[in-house]
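# Per-entry structural report
If you want the building blocks of each chain, they are given just below.
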Amino acid sequence: MIRFKNLKLAAGLLLASSLFSSTAFAQDNMRIALVVKALGIGFFEAAAKGAEEAAGELGNVEIIYTGPTDTTAEGQIEVINSLIAQNVDAIAISANDPDALVPALKKAMQRGITVISWDSGVAEEGRQMHLNPSSNALIGNMIIKLAADHLPDGGQVAVLSATATATNQNIWIDEMNKVMGDYPGIEVVTTVYGDDLADKSYREAQGLMQSYPDLDAIIAPTSVGIVAAAQAVDDAGKSGEINVTGLGLPSEMAGAIESGASKSFAIWNPIDLGYSATMIAHALASDKAKAEAGSEIPMGRMGTIVLDDTTSGAMADPFVYDSSNIDEFKSIF
Amino acid sequence: MSGSNTATEVANVIPDRIKSRLEQSLKSWESLLMLVAIAIFIANSFASPYFLNAWNLSDATFNFTEKAYIAFALALLIIAGEIDLSVAAIIALASTAMGAAVQAGAGTPVLVLVGLGTGLLCGAFNGLLVTRLGLPSIVATIGTMSLFRGISYIILGDQAYRGYPADFAFFGQGYVFWVISFEFVLFVLLAIVYSILLHKTNFGRAVYAIGNNPTGALFSGIRVARVKFILFLLTGLMAGVAAICLTSRLGSTRPSIATGWELEIVTMVVLGGVNILGGSGTLPGVVIAAFVMGLVTFGLGLLNVPGIVMSIVIGALLIGVIALPRLWSKWKHR
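Calculation criteria
- Residues numbered from 1 in each chain as written.
- Chains lettered and ligands numbered in written order.
- Predicted model: local features only at pLDDT ≥ 70, side-chain atom pairs only at ≥ 80, totals over all residues.
- Helix = DSSP H or I, 4+ residues; strand = E, 2+ residues; numbered from the N terminus.
- Rg over C-alpha atoms; globule rule 2.2 N^0.38 Å.
- Buried ≥ 20, exposed ≤ 12 C-beta atoms within 10 Å, placed from the backbone.
- Contact = placed C-beta atoms within 7 Å.
- Nonpolar A, V, L, I, M, F, W, Y, C, P; charged D, E, K, R; others polar.
- Expected span 1.5 Å × (residues − 1).
- Bend = angle between axes of the 7 residues up to and from the residue.
- pLDDT = per-residue confidence, 0-100.
- Axes fitted to C-alpha atoms, helices over the stretch in contact; angles between N-to-C directions.
- Parallel < 35°, antiparallel > 145°, perpendicular 65-115°, else oblique.
- Left-handed = near helix turned anticlockwise from the far one by under 90°.
- Pairing = 2+ DSSP bridges.
- Domains from an automatic or database assignment.
- Core = buried A, V, L, I, M, F, W, Y, C linked by C-beta atoms within 7 Å.

### Considering the overall build of chain B
The secondary structure content of chain B amounts to 15 helices and two strands. Taking 334 residues into account, the globule formula puts the C-alpha radius of gyration at 20 Å, and chain B, at 21 Å, falls close to it. Considering only C-alpha atoms, chain B reaches an extent of 65 × 55 × 35 Å along its principal axes. Put simply, chain B has 334 residues, and 49% of those count as buried. Put simply, 76% of the contacts in chain B that link residues at least 6 apart link residues at least 24 apart.

### Some remarks on unusual backbone geometry
Of note in this structure, Asn87(A) is not a glycine but carries a positive phi near 60°. Even without being glycine, Asn304(B) reaches a positive phi, approximately 55°. Relative to the helices and strands, Asn304(B) is located in the loop between helix H14 (283-302) and helix H15 (307-332). Look at Asn304(B) and you get partly exposed, because 16 C-beta atoms sit within 10 Å.

### Observations regarding the interface of chain A and chain B
Opposite the 33 residues of chain A that make contact, chain B presents 36 residues. Breaking the side of chain A that touches chain B down by element, the ones donating at least two residues are helix H1 (2-20), strand S2 (61-66), helix H3 (73-85) and helix H4 (102-110) of chain A. Of the residues forming the side of chain A that touches chain B, the biggest block, nine residues, is contributed by H3(A). Partitioned by chemical class, the residues of the side of chain A that touches chain B number 17 nonpolar, eleven polar and five charged.

### Notes on helix H4 (residues 65-79) of chain B
For an α-helix, 3.6 residues make a turn, and residues three or four places apart therefore share a direction. All names here are of chain B. Its 15 residues give H4 an end-to-end C-alpha distance of 21 Å, which sits within 8% of 21 Å, the value for a rise of 1.5 Å per residue. Helix geometry: H4 is bent most strongly at Phe 72, by close to 25°. In the segment just after H4, Gly 81 is the residue with positive phi, at about 90°.

### Some thoughts on the confidence of the model for chain B
Keep in mind that low pLDDT regions are not for reading the predicted coordinates in detail. Mean pLDDT for chain B: 89, with 92% of residues reaching 70 or above. Scored by ipTM, the complex comes to 0.79, with pTM at 0.79.

### Remarks on helix H5 (residues 87-103) of chain B
All names here are of chain B. Over its 17 residues, H5 runs 24 Å from end to end, which matches the ideal 24 Å to within 8%, given 1.5 Å per residue. For H5, the tally of buried residues reaches 14 of 17 residues, placing the bulk of the element in the interior. After H5 finishes, the residue Gly 105 shows a positive phi value of roughly 95°.

### Description of the environment of Ile244(B)
Residue and element names in this part refer to chain B. Summarising the element assignment, Ile 244 is placed in helix H12 (residues 224-250). Between the C-alpha atom of Ile 244 and that of Val 87, which follows or precedes it by 157 residues, the distance is 13 Å. Leaving out residues up to four positions away in the same chain, Ile 244 has contacts with Val 112, Gly 115 and Phe 171.

### What about the packing of H5(B) against helix H7 (residues 137-156) of chain B?
Residues and elements named next belong to chain B. The N-to-C vectors of H5 and H7 enclose an angle of 30°; their axes lie 8 Å apart at closest approach. With respect to H7, the element H5 is oriented roughly parallel. You can see that H5 and H7 cross each other, and the crossing is left-handed. Between H5 and H7, the contacting residues are Ala 89, Ile 90, Ala 92, Leu 93 and Thr 96 on the first element and Thr 144, Met 145, Phe 148, Arg 149, Ile 151, Ser 152, Ile 155 and Leu 156 on the second. Looking at the contact of H5 with H7 residue by residue, the class counts come to nine nonpolar, three polar and one charged.

### Describing the environment of Ile151(B)
All names here are of chain B. Positionally, Ile 151 belongs in helix H7. In this structure Ile 151 comes out as partly exposed when scored by C-beta crowding, with 16 C-beta atoms within 10 Å. In this structure the C-alpha to C-alpha distance between Ile 151 and Thr 61, which are 90 residues apart in sequence, comes to 31 Å.

### Description of the sheet that holds strand S13 (residues 312-314) of chain A
All names here are of chain A. Read from one edge of the open sheet, six strands run S2-S1-S3-S4-S5-S13, paired in parallel fashion. Across the chains shown, the open sheet's two edge strands, defined by having one partner strand only, are S2 and S13. Each strand of the sheet is rotated relative to its neighbour by a mean of 20°, with strand direction disregarded. Note that strand S5 (residues 129-132) and S13 share three bridges and pair parallel. Its bridge partner lying in S13, His 130 is registered against Ser 312. Its contacts with the sheet place helix H10 (residues 270-285) against strand S1 (30-35), S2, strand S3 (90-93), strand S4 (114-118) and S5, and it is angled at close to 160° to S4.

### Overview of the pairing of S5(A)
Residues and elements named next belong to chain A. The two faces of S5 match: Met 129 and Leu 131 on one face and His 130 and Asn 132 on the other face are all buried. Bridge analysis of S4 against S5 gives three bridges, and the strand direction is parallel. Each residue of the ladder has a partner; that of Ser 117, found in S5, is His 130.

### Topic: the domain arrangement of chain A
By domain assignment, chain A separates into domain 1 (30-133 + 270-316) and domain 2 (136-267). Computed over C-alpha atoms only, the centres of domain 1 of chain A and domain 2 of chain A are separated by 33 Å.

### A word on the nonpolar core
Within the largest apolar cluster, 209 residues are counted, with the highest numbers of intra-cluster contacts made by Leu34(A), Ile91(A), Ala92(A), Ile280(A), Ile91(B) and Val292(B). Per-domain counts for this core show at least three residues from each of domain 1 (30-133 + 270-316) and domain 2 (136-267) of chain A.

### Details of the confidence of the model for chain A
Residues and elements named next belong to chain A. Of the residues in chain A, 92% reach a pLDDT of 70 or more, and the chain-wide mean stands at 86. S3 holds the highest mean pLDDT among the elements of chain A, 95, whereas H1 holds the lowest, 44. Predicted confidence for residues 1-26 stays below pLDDT 50, and this span has 18 contacts to residues more than four positions away or in other chains.

### Here we look at the sheet that holds strand S9 (residues 243-246) of chain A
All names here are of chain A. Read from one edge to the other, the open sheet built from four strands follows the order S7-S6-S8-S9, with strand pairing classed as parallel. Of all the strands in the sheet, just strand S7 (186-193) and S9 have a single pairing partner and so form its edges. Put simply, the sheet's adjacent strands are angled 25° from each other on average, direction ignored. Inspection of the sheet shows strand S8 (residues 215-220) paired to S9 by four bridges, in the parallel sense. Counterpart to Ala 217 in the pairing with S9 is Asn 243.

This is the structure in structure tokens:
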């Protein structure tokens, strides 16, 4: 019992002494925490690689790559609390919930920590700025550019979208139509809808090949549609004749690139995303830039980001994947 | 089982305690756990320069307070030989109900009533399934676990309820005095209330009796079904309390709120020395277990240890703390 009491006393003394100790620990390095939705996801591991690259370029920057085990807001809040306790300089987070993280991130900002969100955003009051991987206009331009690049003499292209009411796809197709003037000789013959179902997308792609025998390319701005269309083209023995392109995931599209059904496609590059998030967090935490509407923040090799009225901005064009880099990325995401 | 030991002094009653009080308390589960907690505390303060800081330790308590509220009530339920796995789903449903009330223009007092009321209703539903229909509690509450959270998903889908009134934030984000948060004060109060309920009242004795021998308890004049029903009500009520605090801390409601908490709460109860088969366990044990789990996760978090490693550590701790006393007694009786 006595031993027991002594231990209690010792713990009490430790606790008491702690209450007077200060948090001021000398820090040479700037510590930037890259908080992801959950650990063990290829996309985010790649983002961490980009963050390390940025840290190497900047020098004196330590990256803390962390996140919960499951994609829960509560798990991320525990992570944020421990980062606040460590008094890190900046938190760059891909959020599991745009609202539930706000109180915890507000507390971080009150304690002088720079907070930005990237990939999946946080509501405006919970962060200083948000980094979007791309913008609707850039995506709309990219999907038609991917097709046009392989058609120097012009040609017929068709769009295989998700559902007719899919917000994202409709915006991207609208944006694409706006820039059609930049691609003379390219004619969009029709838009069909595969409803983001593999079998329906496959049949729609077959239908396109029958209805338009001179078709040169199919643009599918959906990761389900692009895989199904590439399969349909390959099964019809038209690989090399009809180029399937759009937005897809490298892991799912590696086969189509190999067979020649797709020459190239695009999606965000997680390495660039982690790199840019780190660059922005560093610029804000070291007061080299301000997160205000209209301000410009340097992102190293990725150029400069311009913030809009919601203090969010677009990083870059979607990244193009083709036979030269598909092997590197197919194992990542 | 401290307190009411006057019975042992009556000659014709078989003593339920043969060792001295001192020896017993030194070798008790609680002392062992306390040692573990102190060891973790000391290890943490050496491992990270950020650990011994009043604000940081205060932040760390949020990792376990809400779960502990439920663990207190669940400890009683488990001692009585039943279990409730729907507690996290009750949080989701109670939070959703509060969110709906906010949309209807309810103020903070109404929100608290809605949260507590939803918890009570869910607890009553579980209690009826078990005591009236005679379903095994593990089956019944696995069912209601899906049911309650399912209702939240139907109401909310991929949407969220926001716009909680500013003063509602006090429950999950407010401080009563300096670094002492409201949640921590509530934790201490509930720990005292449940300790008294379990260890100092007839109701508490009935809980142990039911857990050890429900038939015997029934023939001793204990209204077994009624006690069990009250325990389910209390567990539901505590889930409602946790829902209020968690919702206030998050400032929003999604149907995925508190996902996976039921197992963490059961872990807390078992780590606290409560026999999962019922009949034994103490409330102070659960209180210390709450601290142990909170200290471990926060300490490892400060070292940026990945969450999966934390789960492994908690698992190892659970097996270790349960296995050690058994090995010890085997070795002694050899």
